[in-house]
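Here are the chains, one letter per residue:
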Amino acid sequence: MAELSNTTEMAAWGVKDGNIGSLGREMSENISKEGYRNHTSVTMFVLLGLTSEKDLQLILFPVILVIYLVTLISNLGLVILIRMDSHLHTPMYFFLSCLSFIDICYTTSISPRMLSDFFKDRKTISFVSCATQYLVFAWMGGSECCLLATMAYDRYVAIGNPLQYSAIMNPNFCCKMVTATLGSGFVGSFVETVTCVNLYYCGPNIIQHFFCDLPQIVSLACSNTFVCQVMIFLVALLFGFGSMLFILLSYTFIVASILKISSARGSLKAFNTCASHLAVVTLLYGTALSVYMSPTSNHSKNQDKVLSVFYVNVLPMLNPLVYSLRNKEIKEAFKRVMKRARFLSQ
């Protein structure tokens, strides 16, 4: 980015003092660690957005808007349906309603801002708003990983130990597990965000993405990012690989339990209860790993954006559809609710 010629232009781009670019980096080297810990030159970031082509923006805006509205309606509808129908008051559907709630918060942390940016020539976001956006996004993302691991454990208990399922997965225990997933997700995102915010940013301030993704932000820091990168790695290892390893381990025991079932019909029924969960896990981890674990030389920024659109916008829309289309109990519950609504309206 070219140097800003006067103070007014610098303020507009969110830089309080000094030139940006290489000059800013030279200045940062002369500032002591004690001096820049509580000093932030950059007060605003500039998002490049999904695309800079106007014609493509006109096509993408209604598509993203429809996806977001369908996501809200389908997930909120699933939460209400599970709440209203007593037949769905089981641990599996309780976790599913929590997953829908997390998906609503997850996509809402990004989509509204993303939609409004389609109409802006300069897509600026304040430093605090950027940090808050990532905090909520990472909180919900980490919580979803933990919740999917919890749902895998629920399926293992249901298939591997059906006689004691109700005693093990009692309502109190289920609530504690959901609280733990949300709490651990918040702690992980809070640690990442605080570590990132404490870095020194002297410019440039352009984020090559449509939302405040932490790797993009950290790459703009003028100070040493080693501690922050270690924190990002540890959180990713704990929530990403940790939950994935737990899910794989759970399904190893599930498969072993299914193989012990003598009837083919029983085995098929047991597998069907896990199919939707497996589909969601595969979509989430497959996309996220493609973005964050693949070497940067193997893909471009545009490819990262396309994959990010999938797991930020599309996947939260697919989750309730994947669980609902293959689930007879949800279909039956929907019919009962519709009958009840018609009866009350008469």
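Here the structure is a predicted model, which means the values were calculated and not measured. (Residues numbered from 1 in each chain as written. Predicted model: local features only at pLDDT ≥ 70, side-chain atom pairs only at ≥ 80, totals over all residues. Heavy atoms only, no water.)

Focus on the packing of helix 5 (residues 91–108) against helix 7 (residues 127–160)
Inference 1: The geometry of helix 5 relative to helix 7 is characterised by a closest axis approach of 9 Å and an angle of 165° between their N-to-C directions. Accordingly, the angle class assigned to the pair helix 5 and helix 7 is roughly antiparallel. In this structure, the crossing between helix 5 and helix 7 has a hand that is left-handed. Contacts from Pro-91, Met-92, Phe-95, Leu-96, Cys-98, Leu-99, Ile-102, Asp-103, Cys-105 and Tyr-106 of helix 5 reach helix 7 at Val-136, Phe-137, Met-140, Gly-141, Ser-143, Glu-144, Leu-147, Leu-148, Thr-150, Met-151, Asp-154 and Arg-155.
Inference 2: Residues belonging to the contact of helix 5 with helix 7 are distributed by class as follows: 15 nonpolar, three polar and four charged. (Axes fitted to C-alpha atoms, helices over the stretch in contact; angles between N-to-C directions. Helix = DSSP H or I, 4+ residues; strand = E, 2+ residues; numbered from the N terminus. Parallel < 35°, antiparallel > 145°, perpendicular 65-115°, else oblique. Left-handed = near helix turned anticlockwise from the far one by under 90°. Contact = heavy atoms within 4.5 Å. Nonpolar A, V, L, I, M, F, W, Y, C, P; charged D, E, K, R; others polar.)

Some points on a positive patch on the surface
Inference 1: A contiguous patch of positive charge, built from Arg-265, Lys-269, Lys-328 and Lys-331, is present on the exposed surface.
Inference 2: Looking at the positive patch, the elements with two or more residues in it are helix 12 (264–292) and helix 14 (328–345).
Inference 3: Relative to the helices and strands, Arg-265 resides in helix 12.
Inference 4: The class of Arg-265 is exposed, set by a relative accessible area of 75%. (Patch = residues over 30% accessible without salt bridge, like charges linked within 9 Å, V, L, I, M, F, W, Y side chains within 5 Å. Areas by Shrake-Rupley, 256 points an atom, 1.4 Å probe, with all protein chains shown as cover. Salt bridge = Lys/Arg side-chain N within 4 Å of Asp/Glu carboxyl O. Lys, Arg positive; Asp, Glu negative; His and termini not counted. Charge placed at Lys NZ, Arg CZ, Asp CG, Glu CD. Buried < 20%, exposed > 50% of the residue type's maximum accessible area, 1.4 Å probe, protein only.)

Thoughts on the sheet that holds strand 1 (residues 44–47)
Inference 1: Taken in spatial order, the three strands line up as 2-1-3 in an open sheet, and their pairing is mixed. Single-partner strands in this sheet number two, and they are strand 2 (124–126) and strand 3 (206–207).
Inference 2: The pairing of strand 1 with strand 3 spans two bridges and is parallel. Bridged to Leu-47 within strand 3 is Ile-207. (Pairing = 2+ DSSP bridges.)

Quick look at the packing of aromatic side chains
Inference 1: For the coordinates displayed, the defined rule picks out 14 aromatic pairs.
Inference 2: Taken together, the aromatic side chains of Tyr-106, Tyr-134, Phe-137, Phe-210 and Phe-211 make up a single cluster linked through ring pairs. (Phe/Tyr/Trp six-rings, centres within 6.5 Å; stacked < 30°, edge-to-face > 60°.)

Considering a nonpolar patch on the surface
Inference 1: A cluster of nonpolar residues, Phe-226, Val-227, Val-230, Met-231, Phe-233, Leu-234, Leu-237, Phe-241 and Leu-289, forms a patch on the protein surface that exposes about 780 Å² of accessible area.
Inference 2: If one sorts the elements of the nonpolar patch by residue count, helix 11 (residues 226–259) sits on top with eight residues.
Inference 3: Inspection of the secondary structure puts Leu-237 in helix 11.

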